[in-house]
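Examining the three-dimensional arrangement
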Amino acid sequence: LEEEIEKLVIITPDPTHDDAVEAALLEARQNYKMENKWMVKESNARFELEKNIAATTTQKPSKAAPAPKRDVLFYLAFPIYLIGYALHYLPAHLSNSMTNQKVRLIEFKASVRFSTALFLGTLYYLIVVIPLLFVIFPIKIAFLLLAAMLLVGYLSGKFNLRYYC
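In this report, the structure presented in the accompanying data block is examined. (Residues numbered from 1 in each chain as written. Predicted model: local features only at pLDDT ≥ 70, side-chain atom pairs only at ≥ 80, totals over all residues. Heavy atoms only, no water.)

Turning our eyes to something else, we now look at the side chain of His-88. When you line up the elements, His-88 lands in the loop between helix 4 (72–87) and helix 5 (89–102). At 2.9 Å, the side chain of His-88 and the backbone oxygen of Gly-84 are in polar contact. Of the polar contacts made by the side chain of His-88, one reaches the side chain of Tyr-125; its length is 2.6 Å. If we ignore the near neighbours within four places in the chain, the residues touching His-88 are Tyr-125, Met-149 and Gly-153. (Helix = DSSP H or I, 4+ residues; strand = E, 2+ residues; numbered from the N terminus. Polar contact = N/O pair within 3.5 Å; in protein donor to acceptor, adjacent residues only side chain to side chain. Contact = heavy atoms within 4.5 Å.)

Structure below.
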């Protein structure tokens, strides 16, 4: 299992170089422009580039990692991010807390966090959001608000990936 997982993740051979690798990856991610983000070929090329960076970076970073670039899109999309963050804070925070309390090995945190977030997010919508929307609003408006909440949550996640990851 370990051998197969190593093919699918980025590994720093020497943990003392983690900071340098992280800085190099951050710089590479800012400079790497994918033409078609949804295409597997582009994702594989980026992944292989990042694996190569992690395997070959050995020096300490010469300067602090550059801050994410904040362009006009950042300032236009930030309010949407805040709304999405606020609307989905409860299931995301619970997922993060549960994962940090229960999972000790870092190798399993991402998959457990994803699974619990998916489960808790589904429960959140089924138990809290949908009943609340359909009690307060007429059915057409409730459907529109539900779709808007899902879209804002999705866009908030994309914003987070672009500017904070």
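Next up on the list: a nonpolar patch on the surface. A grouping of Phe-119, Leu-123, Leu-126, Ile-127, Val-128, Leu-132, Val-135, Ile-136, Phe-137, Ile-141 and Leu-145 is seen on the molecular surface, where their side chains present a nonpolar patch of about 1,000 Å² in accessible area. Elements with a contribution of two residues or more to the nonpolar patch: helix 6 (106–136) and helix 7 (139–164). Top contributing element to the nonpolar patch by residue count: helix 6, with eight residues. Along the polypeptide, Leu-145 turns up in helix 7. Judged by relative accessible area, Leu-145 falls into the partly exposed class, the value being 31%. (Patch = residues over 30% accessible without salt bridge, like charges linked within 9 Å, V, L, I, M, F, W, Y side chains within 5 Å. Areas by Shrake-Rupley, 256 points an atom, 1.4 Å probe, with all protein chains shown as cover. Salt bridge = Lys/Arg side-chain N within 4 Å of Asp/Glu carboxyl O. Buried < 20%, exposed > 50% of the residue type's maximum accessible area, 1.4 Å probe, protein only.)

The next thing to look at is the nonpolar core. Counting seven residues, the largest nonpolar core consists of Tyr-124, Tyr-125, Val-129, Leu-133, Ala-142, Leu-146 and Met-149. Taken together, the elements giving at least two residues each to this core come down to helix 6 and helix 7. Element by element, the count of residues in this core is highest for helix 6, at four residues. With sequence-adjacent residues up to four places away left out, Tyr-124 is seen in contact with Leu-87, Leu-90, Pro-91 and Val-129. (Core = buried A, V, L, I, M, F, W, Y, C linked by side-chain atoms within 4.5 Å.)

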